[in-house]
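Close look at the chain arrangement
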Amino acid sequence: MEATAANPSIVTVSRTTQPYRSSTLSFRYLTYRNKRFFPFSLTITRCSTTKSSQDSTLESSQSKCLTKGLVLDLGISKDSWDSEDIGSPVVKRFLSDNEERWYMWYHGSSSKQNPVSDSIGLAVSNNGIHWERGKGKVESNDDVGLVMSFGEDWWGFDTASVRPGEVVIMSSSKVRANSSVYWMYYTGYTTETVEFQSQGFTSRFGGNPERFHLCNESVEKSRVYYRSLPGLAISQDGRHWARIEGEHHSGALFDVGSEKDWDFLYIASPHVVFHGNGDLRMYYHSFDAKTGEFWIGMARSREGIKWLKMGKIIVGRYPCVTRNKRDGSYLMAYEGVDRNGKMSIGLAVSKDGLTDWKLEEYEEGVVAVGEGDAWDNEGVGCPYLVEMDGDSDHQWRLYYRGVGNGGRTGIGLAVSEGNEITRFTKQRGIHL
């Protein structure tokens, strides 16, 4: 009854992990508003604002600076399923003797939907920089575009929106399949609400828990929280997905905690790491109303369907955890708020992925927020790490969601300098 993707020995931990607080990236007062957007479609090569004798050359150079790092913009057509908002990149690189293939699952929404609902789509690439996308629902095994929408069962946990958390390729006796298949762990949202009270702030939401802002208040107030839970779907081609019902009555993998628990309000962004046969770890985030902070927590499973919560570990949200193939350590990229009050990306390292998470200290995060009128000048977050194993320089890539003027969103790419992961530089390739 165990999931299989590799053959390391099982590691068992029975105690709750001890949380760690960051001194640099925090979530005390986060501002994150969903607004309307204005499209970009520019080319980037190098960033320079030096004056030129030709005005057209200067304007072109300045325009290129505005989209530095941008690899996937909003859908150009108003009919596109992802013309209003995109984010939550989950990126996989597949190597064979003859080709290199990249898949990116991400969430998107369209203004045509009323109310606005997030769906999951697929884009493909041969280098991880230039992406092929579709504006509608996929029709064939080679098509790209919308691959998964909200659930239609009235009792389900994902009847309002869905967002991808992680995609793992593995097999399990719990799932009937002839070979290894794609397992997508995702966040499902409903319109179910829960009221909570907390001293020092209020919360206001616009559709799901990731669209809100916190404010100082001198009195205690109650506000409505839209609930989300983690789910699972499987696919043989990465395009056509079948939901797997979890143990919760709504079909989710597990429920929120009790009123005294840190994850009572909701559970979001499930990211699953395969440690070994019978040992899977899920990292997820929630909002602790008692402390007024977002926290990242952990759960463990033997087969990927039944999960046991282990407690919260560090302050932050949108965790992406990967195992370093060179030394076996665990590297976590997560979203926080820098000292300038903007969304930023931090890194933490653990030897076993369970305890003793050591946070890298940065004032502005490992990926810089865009300057001036750059497409990501309001903040960067929702990180996803890709280890470029097999390359001589052992480079790392970090895909992220950027937020710019008016709340417009896009997906960007930053790369490390060889195996040095303390700082990432935004990709200077060509955005199409």
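Residues numbered from 1 in each chain as written. Predicted model: local features only at pLDDT ≥ 70, side-chain atom pairs only at ≥ 80, totals over all residues. Heavy atoms only, no water.

The name that an unreviewed UniProt entry assigns to the protein chain is Arabinanase/levansucrase/invertase, with the source organism given as Cardamine amara subsp. amara.

**Some details on the overall build of the protein chain**
Counted only if it meets this: Counting from the N terminus, the helices are DSSP H or I runs at least four residues long and the strands are E runs at least two residues long. Categorising residues by exposure relies on relative accessible area from a 1.4 Å probe, with only protein chains included: less than 20% of the type maximum marks a residue as buried, more than 50% marks it as exposed, and the intermediate range marks it as partly exposed. The contact rule is simple, with two residues in contact once any of their heavy atoms fall within 4.5 Å. Note on areas: Shrake-Rupley, 1.4 Å probe, and residue coverage restricted to the protein chains presented here.
Helix and strand content of the protein chain: one helix and 24 strands. Put simply, the protein chain has 432 residues, and 59% of those count as buried. Within the protein chain, residue pairs in contact and separated by at least 24 positions form 60% of the contacts whose partners lie at least 6 positions apart. Surface exposure of the protein chain reaches about 18800 Å², of which carbon and sulfur atoms provide 45%.

**Some details on unusual backbone geometry**
The phi torsion at serine 88 lies on the positive side, around 50 degrees, for a residue other than glycine. Looking at the secondary structure, you find serine 88 in strand E3 (residues 85-95). Although it is not a glycine, serine 269 sits at a positive phi angle of roughly 50 degrees. Tracing the chain through its elements places serine 269 in strand E13 (residues 268-276).

**Some points on the sheet that holds E3**
Applied cut-off: Two strands are said to pair when DSSP picks up at least two bridges between them. Think of each axis as a best-fit line through the C-alpha atoms, taken over the contacting stretch in the case of a helix, with angles from 0 to 180 degrees between the N-to-C directions.
Across the sheet, four strands lie side by side as E3-E4-E5-E6; this open sheet has antiparallel pairing. The open sheet has two free edges, formed respectively by E3 and strand E6 (145-148), since each of these has just one partner strand. On average, each strand axis in the sheet is tilted by 30 degrees relative to the strand beside it, whichever way the strands run. The pairing of E3 with strand E4 (residues 100-109) spans nine bridges and is antiparallel. Within the sheet, the bridge partner assigned to glycine 87 lies in E4 and is histidine 107.

**Some remarks on a negative patch on the surface**
Spelled out, the test is: Two distance rules govern patches: like charges are joined within 9 Å, and nonpolar side chains (Val, Leu, Ile, Met, Phe, Trp, Tyr) within 5 Å, applied only to residues with over 30% relative accessible area and no salt bridge. Criterion for a salt bridge: a side-chain nitrogen of Lys or Arg within 4 Å of a carboxyl oxygen of Asp or Glu. In this tally Asp and Glu are treated as negative and Lys and Arg as positive; neither His nor the chain ends contributes. To locate a charge, take atom NZ for lysine, CZ for arginine, CG for aspartate or CD for glutamate.
Taken together, the side chains of Glu360, Glu361, Glu417 and Glu420 define an acidic patch exposed on the protein surface. Here glutamate 420 shows up in strand E24 (residues 420-426).

**Regarding the packing of aromatic side chains**
Heads up, the condition is: Only rings of Phe, Tyr and Trp enter the pairing, Trp through its six-membered ring, and a pair is recorded when the two centres are within 6.5 Å. The plane angle decides the type: under 30 degrees is stacked, over 60 is edge-to-face, the rest tilted. Put simply, a charge is over a ring when the Lys NZ or the Arg CZ is close to the ring centre, within 6 Å, and near the line of the ring normal, within 35 degrees.
All chains considered together, the criterion is met by 16 aromatic pairs. We note lysine 312 situated over the ring of tryptophan 295; from NZ or CZ to the ring centre the distance is 4.1 Å. Directly above the ring of phenylalanine 294 sits arginine 317, whose terminal nitrogen or CZ lies 4.9 Å from the centroid.

**A short note on the confidence of the model for the protein chain**
In plain terms, the rule: On a scale of 0 to 100, pLDDT captures the predictor's confidence in every residue.
Residues with a pLDDT of 70 or more make up 72% of the protein chain, whose mean pLDDT is 79. Counting interchain partners and residues more than four positions distant, the pLDDT-below-50 stretch residues 26-60 has 97 contacts. Across residues 199-224 the pLDDT falls below 50, and counting only partners more than four positions away or on other chains, this stretch makes 91 contacts in the model.

**Re the environment of threonine 422**
Following the sequence through the fold, threonine 422 ends up in strand E24. Each C-alpha atom of the pair threonine 422 and glutamate 361 lies 9.4 Å from the other, and the pair is 61 residues apart in sequence.

**Digging into the nonpolar core**
The criterion, for reference: By nonpolar core is meant a set of buried Ala, Val, Leu, Ile, Met, Phe, Trp, Tyr and Cys residues that side-chain atoms within 4.5 Å join together.
With 80 residues, the main nonpolar core has Trp105, Tyr185 and Phe424 as its most contacted residues. Examining the composition of this core, we find that six residues originate from one element, strand E8 (residues 181-198), more than from any other. Val273, Met298, Leu354 and Trp357 belong to the second largest nonpolar core, which has 15 residues in total.

**A few points about empty space enclosed by the protein**
We apply this condition: The rule is simple: put a 1 Å grid over the protein atoms alone, call a set of points where a 1.4 Å probe fits but cannot get out a cavity, call an open set with protein on both sides within 12 Å along at least five of seven lines a pocket, and count a residue as lining if it has an atom within 4 Å of a point. Grid points are joined across faces, edges and corners, and a volume is the space filled by probe spheres set on the points. Under the grouping applied here, Gly and all other residues not named as nonpolar or charged are polar, the nonpolar ones being Ala, Val, Leu, Ile, Met, Phe, Trp, Tyr, Cys and Pro and the charged ones Asp, Glu, Lys and Arg.
Enumeration over the complete set of coordinates arrives at three cavities of 30 Å³ or more. In this structure, the largest cavity is lined by 19 residues; those nearest its centre are Ser88, Pro164, Gly165, Ser269 and Tyr318. Only E3, strand E7 (161-170), E8, E13, strand E17 (317-323) and strand E21 (379-387) provide two or more residues apiece to the lining of the largest cavity. Split by residue class, the lining of the largest cavity holds 11 nonpolar, six polar and two charged.

**As for the sheet that holds E13**
As summarised here, the arrangement of the four strands in space is E13-E14-E15-E16, forming an open sheet in which the pairing is antiparallel. Edge positions in the sheet fall to E13 and strand E16 (308-315), since each has one partner strand and no second. In this sheet, adjacent strand axes meet at a mean angle of 25 degrees when their direction is disregarded. Bridge count for E13 against strand E14 (residues 279-288) is six bridges, and the pairing is antiparallel. For valine 272, the partnering residue across the bridge sits in E14 and is methionine 282.

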